[in-house]
Amino acid sequence: MNILPKVEEFIAAFEQSISNHSFIKLSLGNYHGPDENLKNIYVKKVLIKKEEKFSFTYRYKTRDIVKNYSFEEAKALFENLISTEFHVATLFTNSEELQFEILKNNKVTLKKKVTEAREVPLPEHDHSKNRLISSDNKPYLHDLNITDKDGNVFKKAQDKFRQINHYIEILSALIKEIPTDKQLNVADMGSGKGYLTFALYDYLQNVLHVDAHVTGVEFRPDLVALCNQIAQNADFKNLHFEEGTIDNFDSEGTNILIALHACDTATDDAIFKGISAGSDLIVVAPCCHKQIRREIEKNKVANDVHFLTRYGIFLERQAEMVTDGIRALVLEYFGYKTKVFEFISDAHTPKNVLIVGTKDKRNAPDQQAILQKIRDAKQYFGIDYHHLERIAGLQSH
């Protein structure tokens, strides 16, 4: 078996794709080397301190390792790896794919396939490798129209891809604060098309290597069917979507409960589902605050901020702060350490508030003091009831 001519031809095609700026990426597979855990290597161009490098992602069974090389170093590695350890190598350019393969009968083939014209991506900056969710080898991102079949993020989906990673970055920091040594049951309430749900499952299973079972809850049956099909295509065995509402979801055993942009009192329903389940982590991004605004407008209590709240836009902002402030107090009453902070969801969405409750088993809350704070806030703003307060059974205390 003389593979050298085919290897040289493949390397020459790689060199040409670099010189004529048609290179998109390169992958090595069908590994036959000494490391039983190594599966693939994926190669792309990156910029590191304004210098073009080739980023090699070594895909192992339980982790990824990224190493960066110069052009000459990358070329030498290809010559060695293709002729010894990897029996398949595929070069992707803007107009064709070239595949080198050593078959079972030791025959060596080099096949060229013309493809539809593809845009050559700009070299990614070196910080991009720190993204918790990459675009490589992610069939669910392709099915969600985030990437093409080769893992390149569509221009129109760049904002969505950044948004997905931004959410995962936030959640990753929060997940570090809770136990993950046993099976983790996660519910994403109002999951929609499942962008975050898929990425979170991917992150928990394939980055943190947690035994995670994730459920997306969505009332639109067409989206439920679509997402279940995508999960099946991605072989995400412990991810499923079910048709329903926050109100009728059985949250028993849920460790992490997420509800992003649940409208008005649906956020309260989601928080109470998490409280009822004793969830370790509750994360909500509220949307609309109509219930408390109606209470304030109805009672028109004169207070120190009345000179502001007589204007509709200020009243709306005040209602948001009061609603979410009381939500945080209710979480604290039930033993949660709370955070309320602002984040940017994407380039086209305004700033959002995230309310986070982490179960705090070390400290017992002063429940009577918390109830008094809630009563004082309601009296000051002329609020008869807060929905979460009512469904949590605190109003009569």
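Here the structure is shown first, and the text comes after it.
Below is a summary of the structure that appears in this document. None of the values given here were measured: they were computed from a predicted structure.

The next subject is the packing of helix H7 (residues 266-277) against helix H10 (residues 312-333). Where H7 contacts H10, the axes come no closer than 11 Å and their chain directions differ by 10°. Judged by the angle between their axes, H7 and H10 are roughly parallel. Side by side, H7 and H10 meet where Thr267, Asp268, Ile271 and Ile275 of the first sit next to Arg327, Val330 and Leu331 of the second. Here the residues of the contact of H7 with H10 are counted per class, giving four nonpolar, one polar and two charged.

One finds Tyr140, Phe198 and Ile258 to be the most contacted residues of the largest nonpolar core, which totals 45 residues. Per-element accounting of this core gives the leading share, eight residues, to helix H4 (residues 158-175). Excluding residues within four positions of it along the chain, isoleucine 258 makes contact with Leu171, Val186, Ala187, Asp188, Met189, Leu196, Leu200 and Val283. Val217, Ala262, Ile275 and Val322 belong to the second largest nonpolar core, which has 34 residues in total.

This part takes up the environment of glutamine 205. In this structure, glutamine 205 sits in helix H5 (residues 195-207). Note on glutamine 205: relative accessible area 19%, which makes it buried. On a C-alpha basis, the gap between glutamine 205 and valine 305 in space is 49 Å, while along the polypeptide they are 100 residues apart. The contact partners of glutamine 205, leaving out residues within four places of it in the chain, are Val210, Ala212 and Asn238.

The backbone of histidine 21 shows a phi angle near 60°, a positive value even though the residue is not glycine. Tracing the chain through its elements places histidine 21 in the loop between helix H1 (4-19) and strand E1 (23-31). A positive phi angle, near 60°, is found at histidine 209, a position not held by glycine. Inspection of the secondary structure assignment puts histidine 209 in the loop between H5 and strand E10 (212-218). Since its relative accessible area comes to 40%, histidine 209 is described here as partly exposed.

Three- or four-residue spacings in an α-helix give side chains the same orientation, since the helix completes a turn every 3.6 residues. Here H4 is 18 residues long and its end C-alpha atoms lie 26 Å apart, about the 26 Å a rise of 1.5 Å per residue gives. What H4 keeps buried is the set Phe161, Gln163, Ile164, Asn165, Tyr167, Ile168, Ile170, Leu171, Ser172, Leu174 and Ile175.

For the rest of this paragraph, the subject is the state of the cysteines. Under the criterion given, the structure shown has zero disulfides. Here cysteine 227 stays free of any disulfide, with the sulfur of cysteine 287 as its closest cysteine sulfur at 19 Å. Classification of cysteine 227 as buried rests on a relative accessible area of 0%.

In this structure the tally under the stated criterion is 18 aromatic pairs. Plain terms: the ring middles of phenylalanine 14 and phenylalanine 54 are 5.6 Å apart, the flat faces sit at 65° to each other, and that makes the pair edge-to-face. Of this pair, phenylalanine 14 sits in helix H1 while phenylalanine 54 sits in strand E3 (residues 51-60); the two residues are 40 residues apart in sequence, bridging distant segments of the chain. Feature note: the residues Phe14, Phe23, Phe54, Phe56, Tyr58, Tyr69, Phe71 and Phe78 constitute an aromatic cluster, connected by ring pairs. Between the NZ or CZ atom of lysine 67 and the centre of the ring of tyrosine 58, over which it lies, the distance is 5.5 Å. Lysine 160 extends its terminal NZ or CZ atom over the ring of tyrosine 195, reaching a point 4.6 Å from the ring centre.

Rules used throughout
Residues numbered from 1 in each chain as written. Predicted model: local features only at pLDDT ≥ 70, side-chain atom pairs only at ≥ 80, totals over all residues. Heavy atoms only, no water. Axes fitted to C-alpha atoms, helices over the stretch in contact; angles between N-to-C directions. Helix = DSSP H or I, 4+ residues; strand = E, 2+ residues; numbered from the N terminus. Parallel < 35°, antiparallel > 145°, perpendicular 65-115°, else oblique. Contact = heavy atoms within 4.5 Å. Nonpolar A, V, L, I, M, F, W, Y, C, P; charged D, E, K, R; others polar. Core = buried A, V, L, I, M, F, W, Y, C linked by side-chain atoms within 4.5 Å. Buried < 20%, exposed > 50% of the residue type's maximum accessible area, 1.4 Å probe, protein only. Expected span 1.5 Å × (residues − 1). Disulfide = S-S within 2.5 Å. Phe/Tyr/Trp six-rings, centres within 6.5 Å; stacked < 30°, edge-to-face > 60°. Lys NZ or Arg CZ within 6 Å of the ring centre and 35° of its normal.

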